[in-house]
Amino acid sequence: MKHWTENDFQNWLYGLKDEDQHVTECADCRAELGRLQVERRRLTEEPEVSADFLAAQRRSIYNRLEQGPASNWAAWRWVLSTAMLLAIVFGLTIPRWHQAAPAISDDQLFRDLSAMEQSAEPKAIAPMHDLFEQ
Amino acid sequence: MGAMADRLGANLVATADTRDFGAWMTSEQKRIFLLCRRMLQDFGDADAATQDTFLKAWQSLNNPKSKELDDPAKWLTRIAINTCLDRLRSKRWQFWRRRPGGEDEAAILGMAASSDPDAEDRLFAKEIDRRLKQAVEKLSLRQRAAFTLRHYEDRSMAEIAEILDLDVGTVKAHLFRAMEKLREELHDLYFHRGRK
């Protein structure tokens, strides 16, 4: 007869394994089941909670009951903080999208235009002149 | 479940009587607080969740549409578990929250009175309990709820399924995965000193 393993006992303790024929007939395994049940009851014994603490908690509950339904502040808090965050993000990013190209003064514009007009060659040809001069 | 809870369940149709509710709350308060404490692993959170649970119960009982309750204790447990799950979900986003302070730990330890006279046993049990709590924090929310209801409240699979609004197979799967994660801690808890 094969005895139950510790895993088997754990699974049985937590409702994941049913008792089988072996455990019903084996005195050792039955004894172990009994020991584990006692051990579990001991381990999960409810700790004492002070009566003062429970009384104070009940007073808080009664106070909240008298105040009526809780305000929706908790839900609104999230909505407001999300809205503020979005406002900040948009505030920082939108001006960049609409940022105009760097302004050029009128003088600079006229100088550039007149330079283009006076030269018969496209600007891209200028570096080639150096090759022929050498 | 106390007699008051039975009466509350049987008589309740539209409005809950404050005195009945108060007596029922007193009879269920400690159990609900400990359940919340085990689910949330935090004294202050458990206090707040317990209060929220009874407030929700009161509001629901005073709702004209509320129906007679078959099992008020189970119904209250479901409210408590859902309240704790909501808190745990919102806590996931609050990563900046500090861990419980020394005062909280002292309050918890002061709250727990051990019946075991052997100091070594007590120390060992505390150490294992601490490890188990740490391990429970690694479980998913459903796994945590299923394990807490099974380990501390000794609920049957069917009851856990009803409380969590899941089918029994799903509860078993959650519990199985929880057990896989907790096996080492549970092994030490039950088998550390060999078979007696």
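Keep in mind that what you see is a predicted model, and the values were worked out from it rather than measured.

> What am I meant to see in the overall build of chain B here?
Each helix and strand in chain B was counted, giving 9 helices and 0 strands. Ordered by position from N to C terminus, the α and β elements of chain B give α-α-α-α-α-α-α-α-α. Looking at the 196 residues of chain B, the share that counts as buried comes to 48%. Considering only residue pairs separated by 6 or more positions, chain B has 69% of its internal contacts joining residues 24 or more positions apart. Accessible surface, chain B: about 10000 Å² in total, of which carbon and sulfur atoms supply 51%.

> Quick question: what am I supposed to make of the packing of aromatic side chains here?
Residues and elements named next belong to chain B. Taken as a whole and assessed by the stated rule, the structure comprises 9 aromatic pairs over all chains. Aromatic pair Trp24 and Trp75: ring centres 6.3 Å apart, planes at 20 degrees, arrangement stacked. Taken together, the positions of Trp24 in helix 2 (residues 18-40) and Trp75 in helix 4 (residues 72-92) put the pair 51 residues apart, joining distant regions of the chain. Since its relative accessible area comes to 15%, Trp75 is described here as buried.

> Whenever I open this one, a nonpolar patch on the surface confuses me. Can you help?
All names here are of chain A. Side chains of Ile104, Leu109, Phe110, Leu113 and Met116 sit close together on the surface and give an oily, nonpolar patch of about 540 Å² of accessible area. Tracing the backbone shows Met116 in helix 6 (residues 106-118). Met116 sits in the exposed class, given a relative accessible area of 55%.

> Please clarify how the state of the cysteines should be interpreted in this entry.
In a disulfide, the sulfur atoms of two cysteines are held together by a covalent bond. All names here are of chain B. For the structure on display, the rule yields 0 disulfides over all chains. Cysteine Cys36 shares no disulfide, and the gap to the nearest cysteine sulfur, in Cys84, comes to 3.6 Å. The exposure class of Cys36 is buried, given its relative accessible area of 0%.

> Can you walk me through the confidence of the model for chain B in this structure?
Fine structural detail should not be taken from predicted coordinates in areas where pLDDT scores are low. Residue and element names in this part refer to chain B. Confidence in the prediction for chain B averages 79 pLDDT; 72% of positions are at 70 or higher. Counted against residues more than four places away or in other chains, residues 1-7, with its pLDDT under 50, gives 12 contacts. Across residues 9-15, confidence stays below pLDDT 50; counting only partners more than four residues off in sequence or on other chains, it has 16 contacts. Interface confidence for the predicted complex, expressed as ipTM, amounts to 0.72; the pTM equals 0.67.

> Sorry, what's going on with the interface of chain A and chain B here?
Much of the literature gives interface size as the accessible area that the parts lose upon coming together. At the junction of the two partners, chain A supplies 37 residues and chain B supplies 45 residues. Buried area between chain A and chain B, both sides added, is near 4000 Å², and the carbon and sulfur share of it is 57%. Among the residues of chain A in contact with chain B, A:Gln10, A:Tyr14 and A:Arg64 are the three that bury the most area, contributing 17% of the side total. Counting the contacts that link chain A with chain B gives 3 salt bridges. B:Asp52 is paired through a salt bridge with A:Arg64; the nearest N and O atoms lie 2.7 Å apart. Seen at the junction of chain A and chain B, the total is 17 residue pairs in polar contact (both at pLDDT 80 or more). At the level of elements, helix 1 (6-13), helix 3 (27-43) and helix 4 (51-66) of chain A are the ones that each hand at least two residues to the side of chain A that touches chain B. Counting residues per element, the side of chain A that touches chain B draws most heavily on helix 4 of chain A, which supplies 9 residues. Among the residues making up the side of chain A that touches chain B, the classes are represented as 18 nonpolar, 8 polar and 11 charged.

> In this structure, what is going on with the side chain of B:Arg38? I would like to understand it.
You can see B:Arg38 is positioned in helix 2. Buried charged residue B:Arg38 carries no salt bridge. Nearest counter-charge: A:Glu46, at 4.9 Å.

> Could you clarify how one ought to interpret the pattern of salt bridges in this entry?
A side chain with one charge may pair with a side chain of the opposite charge, provided their charged atoms come close. Residues and elements named next belong to chain B. Applying the stated criterion to the full structure yields 16 salt bridges over all chains. In this structure, Arg183 engages Glu180 in a salt bridge whose closest nitrogen and oxygen atoms are separated by 3.0 Å. Of the two residues, Arg183 and Glu180 are both situated in helix 9 (residues 168-191); the distance of 3 residues between them amounts to about one turn of the helix. For Arg183, a relative accessible area of 12% corresponds to the buried category. Taking relative accessible area as the criterion, Glu180 reaches 44% and is therefore assigned partly exposed.

Conventions and cut-offs
- Residues numbered from 1 in each chain as written.
- Chains lettered and ligands numbered in written order.
- Predicted model: local features only at pLDDT ≥ 70, side-chain atom pairs only at ≥ 80, totals over all residues.
- Heavy atoms only, no water.
- Helix = DSSP H or I, 4+ residues; strand = E, 2+ residues; numbered from the N terminus.
- Buried < 20%, exposed > 50% of the residue type's maximum accessible area, 1.4 Å probe, protein only.
- Contact = heavy atoms within 4.5 Å.
- Areas by Shrake-Rupley, 256 points an atom, 1.4 Å probe, with all protein chains shown as cover.
- Phe/Tyr/Trp six-rings, centres within 6.5 Å; stacked < 30°, edge-to-face > 60°.
- Patch = residues over 30% accessible without salt bridge, like charges linked within 9 Å, V, L, I, M, F, W, Y side chains within 5 Å.
- Salt bridge = Lys/Arg side-chain N within 4 Å of Asp/Glu carboxyl O.
- Disulfide = S-S within 2.5 Å.
- pLDDT = per-residue confidence, 0-100.
- Buried area = accessible area lost by both parts, 1.4 Å probe.
- Polar contact = N/O pair within 3.5 Å; in protein donor to acceptor, adjacent residues only side chain to side chain.
- Nonpolar A, V, L, I, M, F, W, Y, C, P; charged D, E, K, R; others polar.
- Lys, Arg positive; Asp, Glu negative; His and termini not counted.

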